[in-house]
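# Coordinates in review
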Amino acid sequence: ASGTSMACPHASGVAALIKASHPGFGWQDVAGALIASTDDVMDAGRDIETGFGRINASKAVTQQFKPVLRIEFNSNYFRLIKEIQGNGDGFMNPGETGQVSANLTNLWSPVAEAEVVVSSSNPSVQVAQPAINFAALAQRESRAFNFTVTVDSNAQPLSEIWFTFQISASGGFQGQERHFAGFVI
């Protein structure tokens, strides 16, 4: 077996070890401990290929956990909240500016402060004020944030829009996530 068929029994076994070591943990605590104890195997932080990384049973039951923060959305794709300048169709067309909404969620230990820096790998897409700062985030707290994007008027139709989120927080968390946002229409 490979892939999720192999990962599922391993992850559930480590989850059982965590629960046995920390009987007071609820399911969200177990999930947070499972994520916080992974060994990163590719790009720093969560990535498409390996998620948060390879589970580590020893770390899962013995370590002091650092914060684990991630970016979440209401759907699989970004949702344009408000077109600031455009034709009103809800899609990012060349020459348009829009505001996008996301959430920063703290899955594990509290942090005094956090920062998210948003960028796009598409040179035709600019992010205005890319650094978003957050005051204290409690465990399992989620905060909404908005960022403004502009698509150059000479952008190629059907070019992909990807955003990279560099996340840092007090308590030692450093991570990066990439999310597909759609196409320039």
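Residues numbered from 1 in each chain as written. Predicted model: local features only at pLDDT ≥ 70, side-chain atom pairs only at ≥ 80, totals over all residues. Heavy atoms only, no water.

The next point concerns the environment of P94. By secondary structure assignment, the location of P94 is in the loop between strand 2 (79–85) and strand 3 (97–106). For P94, a relative accessible area of 29% translates into the label partly exposed. For P94 and K66, which are 28 residues apart along the polypeptide, the C-alpha to C-alpha distance reads 42 Å. The contact partners of P94, leaving out residues within four places of it in the chain, are V151, D152, S153, A155, V184 and I185. (Helix = DSSP H or I, 4+ residues; strand = E, 2+ residues; numbered from the N terminus. Buried < 20%, exposed > 50% of the residue type's maximum accessible area, 1.4 Å probe, protein only. Contact = heavy atoms within 4.5 Å.)

With that settled, the discussion passes to the confidence of the model for the protein chain. Interpretation of the predicted coordinates at a detailed level should be avoided for regions scoring low in pLDDT. Looking at the protein chain, pLDDT values average 86 and 95% of them are 70 or higher. Confidence scores differ between elements of the protein chain, with strand 2 showing the lowest mean pLDDT of 68 and strand 6 (residues 131–134) the highest of 97. (pLDDT = per-residue confidence, 0-100.)

All right, on to the nonpolar core then. Ranked by internal contacts, the top residues of the largest apolar core, which has 28 residues, are L104, F145, F147 and F165. Counting only elements with at least two residues in this core, the list comes to strand 1 (69–72), strand 3, strand 4 (114–120), strand 5 (125–128), strand 6, strand 7 (142–151) and strand 8 (160–169). Ranked by the residues each element gives to this core, the list is headed by strand 8, at 5 residues. Among the nonpolar cores identified, the runner-up in size contains 13 residues, and I18, L34, A60 and L107 belong to it. (Core = buried A, V, L, I, M, F, W, Y, C linked by side-chain atoms within 4.5 Å.)

Pairing within the open sheet is antiparallel, and its 4 strands lie in the order 6-4-8-9. Unpaired on one side and paired on the other, strand 6 and strand 9 (173–183) mark the two borders of the sheet. Put simply, the sheet's adjacent strands are angled 20° from each other on average, direction ignored. Pairing of strand 4 with strand 6 involves 4 bridges; the strand directions are antiparallel. Across the sheet, residue V116 finds its bridge partner in strand 6, namely I132. (Pairing = 2+ DSSP bridges. Axes fitted to C-alpha atoms, helices over the stretch in contact; angles between N-to-C directions.)

Here the focus is the pattern of salt bridges. For the structure shown, the criterion picks out 3 salt bridges. As a salt-bridge pair, D29 and R140 come within 2.3 Å of each other at their nearest N and O atoms. With D29 in helix 2 (residues 27–36) and R140 in the loop between strand 6 and strand 7, this residue pair connects regions lying 111 residues apart in the sequence. By relative accessible area, which is 12% here, D29 ends up buried. Judged by relative accessible area, which is 39%, R140 ranks as partly exposed. (Salt bridge = Lys/Arg side-chain N within 4 Å of Asp/Glu carboxyl O.)

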